[in-house]
Amino acid sequence: LSIVRISGGATPEVVFKAAPNTGGDRSTTITFTTNDGKKEYSSKVDIAQKGAIVPVSVADFIATEVGNAQYRLTGLVTKVDDAASGKYYISDYTGQIYVYKASGTVALNDVVTIVGKHAEYKGTPQVGSGKLEEVCASAEPISLADFNAAADDNDKLYVLTGKIVEIVNDKYGNVYIEDENGEKVYLYGVYGDWTGENKKNFITDNGIAVGDEITVVTIKTSHNDAPQ
């Protein structure tokens, strides 16, 4: 806030101007003080404004400050402490965050979108006052061998984990991953945005390289009878 003008007279007035709000919720307290020559008087005014819900990655959320701003995150549910109480962990390609007491019910390996504020517990960031906005999909963990043997299905999602052993096309994210048994799966297009709108250069832009272990959510399909 900045002061535009202060006027006296029978009805004193202080006019403030608020800078544009491009983020989440914000609030402040204004304290007015005066005195009659003998005693000081003060009055406080609390001002709050709802802001936009800011979409962020897990890493970007962790980098924000503790406060009431609202953020939207999408990630894979990687651990559930208490489903009934909304206590679980979600992960995306940038990291993992704990969700504390979010409304709505989730299950392990769901891809979810949640809204909440940056809170902390003993100095560790977490999503507080969260709300489950959407269960985008539910996926099933599967070995690479079982994935290669599964029937093609555009409606069924799997969770795969493996080490990148070859990058075929870094622009579109075509890579081979391999598990400890030497089983390989060809991933045709790897990207971090769940909507799939930003597909180009995800591998190079995020420093993903041969030797990295990655976890992906994917359908099973084939090309020229080869599974991918």
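In this text the structure is predicted, and so the values were computed from the model without any measurement.

Definitions and cut-offs
- Residues numbered from 1 in each chain as written.
- Predicted model: local features only at pLDDT ≥ 70, side-chain atom pairs only at ≥ 80, totals over all residues.
- Heavy atoms only, no water.
- Helix = DSSP H or I, 4+ residues; strand = E, 2+ residues; numbered from the N terminus.
- Rg over C-alpha atoms; globule rule 2.2 N^0.38 Å.
- Buried < 20%, exposed > 50% of the residue type's maximum accessible area, 1.4 Å probe, protein only.
- Contact = heavy atoms within 4.5 Å.
- Areas by Shrake-Rupley, 256 points an atom, 1.4 Å probe, with all protein chains shown as cover.
- Lys, Arg positive; Asp, Glu negative; His and termini not counted.
- Charge placed at Lys NZ, Arg CZ, Asp CG, Glu CD.
- Pairing = 2+ DSSP bridges.
- Patch = residues over 30% accessible without salt bridge, like charges linked within 9 Å, V, L, I, M, F, W, Y side chains within 5 Å.
- Salt bridge = Lys/Arg side-chain N within 4 Å of Asp/Glu carboxyl O.
- Phe/Tyr/Trp six-rings, centres within 6.5 Å; stacked < 30°, edge-to-face > 60°.

Looking now at the overall build of the protein chain. Looking only at helices and strands, the protein chain features three helices and 16 strands. For 228 residues, the compact-globule formula gives about 17 Å, and the C-alpha radius of gyration of the protein chain, at 25 Å, lies well above that figure. C-alpha atoms of the protein chain, sized along the principal axes, occupy 90 × 40 × 30 Å. Evaluated residue by residue, the protein chain yields a buried proportion of 31% over its 228 residues. Counting contacts in the protein chain only where the partners sit at least 6 residues apart, residues at least 24 apart contribute 49% of the total. Here the protein chain displays about 13800 Å² of accessible surface, and carbon together with sulfur accounts for 46% of that area. With 21 positive and 31 negative side-chain charges, the protein chain shows a separation of 12 Å between the mean positions of the two kinds.

Turning to its location among the elements, Ile167 is positioned in strand E11 (residues 153-169). On the basis of relative accessibility, which here comes to 27%, the residue Ile167 falls in the partly exposed class. Taking the C-alpha atoms as reference, Ile167 lies 38 Å from Ala119; in sequence the two are 48 residues apart. For Ile167, the residues in contact, after removing those within four places along its chain, are Asn174, Val175, Ile203, Ile208, Ala209 and Val210.

Below, the discussion takes up the pairing of strand E10 (residues 124-141). In this sheet, E10 lies alongside strand E8 (residues 95-99) in parallel orientation, the contact comprising two bridges. The residue of E10 that forms the bridge with Tyr98 is Gln126. Strand direction decides the pairing type here: strand E9 (residues 110-121) and E10, joined by eleven bridges, are antiparallel. When the sheet's bridge partners are listed, Asp110 is paired in E10 with Ser138.

Together, Leu1, Ile3, Ile6, Val14, Phe32, Val45 and Ile47 make up a nonpolar patch on the protein surface, roughly 610 Å² of accessible area in all. The set of elements that each furnish at least two residues to the nonpolar patch consists of strand E1 (2-7) and strand E4 (40-49). Among the secondary structure elements, Val45 is positioned in strand E4. In this structure Val45 comes out as partly exposed when scored by relative accessible area, which is 34%.

All right, on to the packing of aromatic side chains then. All chains considered together, the criterion is met by eight aromatic pairs. Judged by centre distance (6.3 Å) and plane angle (70 degrees), the ring pair of Phe16 and Phe32 falls under edge-to-face. Residue Phe16 is found in strand E2 (residues 13-17), and its partner Phe32 is found in strand E3 (residues 26-35); the two are separated by 16 residues along the sequence. Taking relative accessible area as the criterion, Phe16 reaches 30% and is therefore assigned partly exposed. Between the aromatic rings of Tyr89 and Tyr98, the centroid separation amounts to 4.8 Å while the plane-to-plane angle is 45 degrees, which identifies the pairing as tilted. Overall, the relative accessible area of 22% leaves Tyr89 in the partly exposed class. Ring-pair connections join several aromatic residues into one group, and the members of that group are Tyr89, Tyr98 and Tyr100.

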